[in-house]
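# Secondary and tertiary structure notes
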Amino acid sequence: MKKIFAYTDGLTRLPTHYCPGCTHGVIHRVVGEVIDELGIRGTTVGVAPVGCAVLAYKYFNCDMFEASHGRAPAVATGAKRCRPEMSVFTYQGDGDLASIGMAEIVHAANRGEKFTVIFVNNAIYGMTGGQMAPTTMPNQRSTTTPFGRDVNLAGYPIRVAEMLSTLTTPAYVSRVSSHTAEQTVRAKEVIKKAFQYQIAGTCFTFVEVLSTCPTNWGLSPRESNKWLEKEMLPYYPLGDIKRPEDFEGGQHAGN
Amino acid sequence: MAKVLMKGNEAIGEAAIRAGCIHFFGYPITPQSEVPEYLAKRLPEVGGVFVQAESEVAASNMIYGAAGVGMRVLTTSSSPGISLMAEGVSYLAGAELPVVIVNIMRGGPGLGGILPSQGDYLQATKGMAHGDFDLIVLAPSSVQEAVDLTIRAFQLAEKYRNPVMVVGDGMIGQMMEPVDFPEVEVGPPLAADDWALTGCEGRSPRDVNSLFLDANDLHNHNVKLKDKFAVITENEQEWELYSCEGEYDVLVTSFGMMARICKTAIDVLAEEGIKVGLFRPITIKPYPYDACREAAQKAKRLLCVEMNMGQMIQDVQLATRGAKEIDFFGKAGGVIPSVEDVIQSVRETLAKTGK
Amino acid sequence: MPQIKVMVERCKGCERCNDACPQEIVKMSPQMNAKGYQYAYVVDGSRCIGCRMCAISCPDSAIEVFVEGTQYEFFAY
């Protein structure tokens, strides 16, 4: 019997603490598979966030940092600048990256730091129990928007990928999803491409991965996949948003 | 090595390079911006890395990343910037990462001022950030000592895997004095074979982390950190006694640049036959309590002189445990007590001893 | 003949594999694993085409896919 789909060496064997149906697990597996298949596990260091993925340092089967909330891009900057030959990635949630860590991600992207960011957008704070995130949808209920997110008071959800692509510095910025198997296949392609750009030393790479949160959305795993498709996809379009090949030497930088 | 006239901030940057540190992550803030400016020019010359961070918060996490992959690393800032680094320092201590942080102190609180101060003593030595942890804190009183202590800071940081802070003040940062840079035997990058995250090729993965969700694990980690600091306290205390050989009625306690001004005052008083001793801690953490107590025994009364509203005096009180009365003389906000100010306050203290 | 193997103790009964299977042969077992989750199982192994969609959708890396002889690769993964 030949194994055509195996447990990836990119992950440790530790069962995760994630809730049933939470696609953090899928994204972990895809990133693990990419690191393993590119043969870089032995020369990779990852940076775990604070949030549901705070224990990611126990799941990824490579050297890992645990960063303070929102600061993973800064930790990754320190690591990559000191050991450029290593592959460095951060794995962050929407509260971590788009709220407290917004300055860090914007400036890491703007400096063109040559590491890879996996940004998991599930429109909620999971670990702390379901509060609003910068990516929470209008009218979406959370424990801090009990009547639904009021855009007049809490503004609209932030499209981080688009926002980062307005920076002049070359980068690879893409958005994928993990809510179906088909989208997960696409997500793996994009994440692999991001790591390949890094290995080639091309540019800063950023992959936003839409993800589900059954527990804090108050839905079953199946309903969560549908909710993501119906509510989040229209607002967060999938696809490559910025590629290093599109860079014309900064001419379009307003002159 | 020939002496060279150098501004304190630049000398600190050069000292770091001589100590084998060629990675710097920092942010501009008066009165220490010459360190990043100097290193932005110098580090490329030695194949190093200079990054201007977007904030001190980011800088404190960048050095976490750099030290975590086993590189000597420096950041420098000034009072408000150091406050922004507080959370990062707690993580650095929790994850036991060797880094050097230099604080060129300025007047506070709040935006305060940009002139010299010693107003961050308690922050550095007692309450830098959340949780039980201890920094090693060194306090130079001249540009040469700033060079020596910066080099010492890297050695201590590596020896104990503990963040080390060097606290100067605006004068030390801005003053120019002749310095010479001692030859330093620099080892390879840090602990690649021990704990640094250099890639798990040929070994099992490691992590650099300060998270311990299990209470017992975290308690045991705290015990380990405390035990480590006990060893540091045992071995690394440094202080200077000035004019304490014979008898003296008053012992002045002071640190950093302020202590130097006190020495001049003591010399002037000695010419009048007034014998005054000076106790100057060089490591303000671990504080040399025993040495301070011993020096205090010979005096009738103590005078603590600082450029703040009274912070190190708490440690002098701890050292002497009420055995001696302690007067305080201090100025904050960037006002620098003059030699005459110190002489006058010594006379007042002397008067209280009935002399 | 392709077949899948479910690591029963890793399964959290989230049914993602159930929804992903184009052959609709992956269901949730009436039995529970040690953690009390009704784990995934194959109701009719003969109809398995080895497409790997169940394994790809699994958040807990609980499914491995095997094949006897050659296997048509529907898509690269």
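Thresholds, definitions, all that
- Residues numbered from 1 in each chain as written.
- Chains lettered and ligands numbered in written order.
- Predicted model: local features only at pLDDT ≥ 70, side-chain atom pairs only at ≥ 80, totals over all residues.
- Heavy atoms only, no water.
- Pairing = 2+ DSSP bridges.
- Helix = DSSP H or I, 4+ residues; strand = E, 2+ residues; numbered from the N terminus.
- Axes fitted to C-alpha atoms, helices over the stretch in contact; angles between N-to-C directions.
- Expected span 1.5 Å × (residues − 1).
- Contact = heavy atoms within 4.5 Å.
- Core = buried A, V, L, I, M, F, W, Y, C linked by side-chain atoms within 4.5 Å.
- Buried < 20%, exposed > 50% of the residue type's maximum accessible area, 1.4 Å probe, protein only.
- Domains from an automatic or database assignment.
- Buried area = accessible area lost by both parts, 1.4 Å probe.
- Salt bridge = Lys/Arg side-chain N within 4 Å of Asp/Glu carboxyl O.
- Polar contact = N/O pair within 3.5 Å; in protein donor to acceptor, adjacent residues only side chain to side chain.
- Phe/Tyr/Trp six-rings, centres within 6.5 Å; stacked < 30°, edge-to-face > 60°.
- Lys NZ or Arg CZ within 6 Å of the ring centre and 35° of its normal.

### So, the sheet that holds strand E12 (residues 276-281) of chain B
As a general point, the strands of a sheet are linked pairwise by backbone hydrogen bonds and lie either parallel or antiparallel. All names here are of chain B. Pairing is mixed in the open sheet, where five strands are placed in the order E10-E12-E11-E14-E15. The outermost strands of the open sheet, each flanked by one partner alone, are strand E10 (239-242) and strand E15 (325-330). Across the sheet, the mean angle separating the axes of adjacent strands is 20 degrees when strand polarity is ignored. Judged from the four bridges that link them, strand E11 (residues 250-253) and E12 form a sheet pairing that is parallel. Looking across to E12, one finds that Val 250 is bridged to Val 276.

### Section: helix H13 (residues 339-352) of chain B
Residue and element names in this part refer to chain B. With 14 residues, H13 extends 20 Å from end C-alpha to end C-alpha; this agrees with the ideal 20 Å at 1.5 Å per step. Buried-residue contacts for H13 involve E11, helix H10 (256-271), E12, strand E14 (301-306) and E15. A positive phi of about 80 degrees marks Gly 354, the residue just after H13.

### Observations concerning the nonpolar core
With 88 residues, the main nonpolar core has Phe 65 and Phe 206 of chain A together with Phe 25, Tyr 64, Ile 101, Met 165 and Leu 251 of chain B as its most contacted residues. Of the residues forming this core, the biggest block, seven residues, is contributed by helix H3 (residues 56-68) of chain B. Looking at which domains feed residues into this core, each of domain 1 (4-235) and domain 2 (240-351) of chain B supplies at least three. Membership of the second largest hydrophobic core comes to 62 residues, among which are Tyr 18 of chain A together with Ile 4, Ile 25 and Cys 58 of chain C.

### Focus on the domain arrangement of chain B
Residue and element names in this part refer to chain B. By the assigned domains, chain B splits into domain 1 (4-235) and domain 2 (240-351). Here the C-alpha centroids of domain 1 and domain 2 sit 28 Å apart. Facing the 32 residues of domain 1 at the interface are 24 residues of domain 2. In this assembly, domain 1 packs against domain 2 so that about 2,400 Å² is buried in total across both faces, 59% of it on carbon and sulfur atoms. When the area that domain 1 buries against domain 2 is broken down by residue, the three leading residues are Gln 118, Tyr 121 and Ser 141, summing to 31%. Applying the counting criterion to the domain 1 and domain 2 interface returns four salt bridges.

### Let's talk about the pairing of strand E4 (residues 74-77) of chain B
All names here are of chain B. Side chains of E4 alternate between two faces, with Leu 74 and Thr 76 and Thr 75 and Ser 77 buried alike. Sheet topology places E4 next to strand E5 (residues 100-105); four bridges connect them, and they run parallel. Each residue of the ladder has a partner; that of Thr 76, found in E5, is Val 102.

### Some remarks on the interface of chain A and chain B
In this complex, chain A contributes 31 residues to the contact, which on the side of chain B involves 36 residues. Of the roughly 2,600 Å² buried where chain A meets chain B, counting both sides, 63% is carbon and sulfur surface. In terms of surface lost to chain B, no three residues of chain A exceed Asp 63, Cys 82 and Arg 83 of chain A, which account for 23% of the buried area on that side. Where chain A meets chain B, there are two salt bridges. Its salt-bridge partner being Arg 203 of chain B, residue Asp 63 of chain A comes within 2.5 Å of it at the nearest N-O pair. The tally of links from chain A across to chain B stands at 14 residue pairs in polar contact (both at pLDDT 80 or more).

### Observations concerning the packing of aromatic side chains
The geometry of two aromatic rings is summed up by the distance between their centres and the angle between their planes. Taken as a whole and assessed by the stated rule, the structure comprises 17 aromatic pairs over all chains. Plain terms: the ring middles of Phe 115 of chain A and Phe 204 of chain A are 6.0 Å apart, the flat faces sit at 75 degrees to each other, and that makes the pair edge-to-face. With Phe 115 of chain A in the loop between helix H5 (102-111) and strand E5 (116-121) and Phe 204 of chain A in strand E7 (residues 204-210), this residue pair connects regions lying 89 residues apart in the sequence. Here Phe 115 of chain A matches Phe 204 of chain A in class, with each residue buried. Consider the rings of Tyr 121 of chain B and Phe 255 of chain B, whose centres lie 5.2 Å apart with planes at 55 degrees: the pair is tilted. With Tyr 121 of chain B in helix H6 (residues 121-125) and Phe 255 of chain B in the loop between E11 and H10, the pair connects residues that are 134 residues apart, well separated along the chain. Neither residue differs from the other here; Tyr 121 of chain B and Phe 255 of chain B are each classed as buried. Taken together, Phe 60, Phe 89, Tyr 91 and Phe 195 of chain A form an aromatic cluster joined through their ring pairs. Here Arg 13 of chain A stacks its cationic end above the ring of Tyr 7 of chain A, 4.0 Å away from the centre of that ring. Against the face of Phe 229 of chain B rests Lys 285 of chain B, its NZ or CZ located 5.2 Å from the ring centre.

### Comments concerning the interface of chain A and chain C
With 35 residues of chain A in contact, the opposing surface of chain C contributes 32 residues. Between chain A and chain C, a total of about 2,700 Å² is buried, with carbon and sulfur atoms accounting for 56% of that surface. By the criterion of area lost to chain C, the three top residues of chain A are Met 1, Ile 4 and Phe 5 of chain A, representing 26% of everything that side buries. Counting across the chain A and chain C interface gives three salt bridges. One salt bridge in this structure joins Glu 64 of chain C and Lys 3 of chain A, with 3.1 Å as the shortest N-O distance. At the junction of chain A and chain C, the tally comes to 20 residue pairs in polar contact (both at pLDDT 80 or more). Taken together, the elements giving at least two residues each to the side of chain A that touches chain C come down to strand E1 (2-5), helix H1 (24-37), helix H8 (181-199) and helix H10 (221-235) of chain A.

### Focus on the sheet that holds strand E9 (residues 207-208) of chain B
The sheet built from eight strands is open, its strands ordered E8(A)-E6(A)-E7(A)-E5(A)-E4(A)-E2(A)-E3(A)-E9(B) with mixed pairing. Each edge of the open sheet carries a strand with a single partner, namely strand E8 (239-242) of chain A together with E9 of chain B. Note that strand E2 (residues 44-48) of chain A and strand E3 (residues 63-66) of chain A share four bridges and pair parallel. Bridge assignment links Gly 46 of chain A to a residue of E3 of chain A, and that residue is Met 64 of chain A. Across the face of the sheet, H1 of chain A comes into contact with E2, strand E4 (87-93), E5 and E7 of chain A while running at roughly 175 degrees to E4 of chain A.

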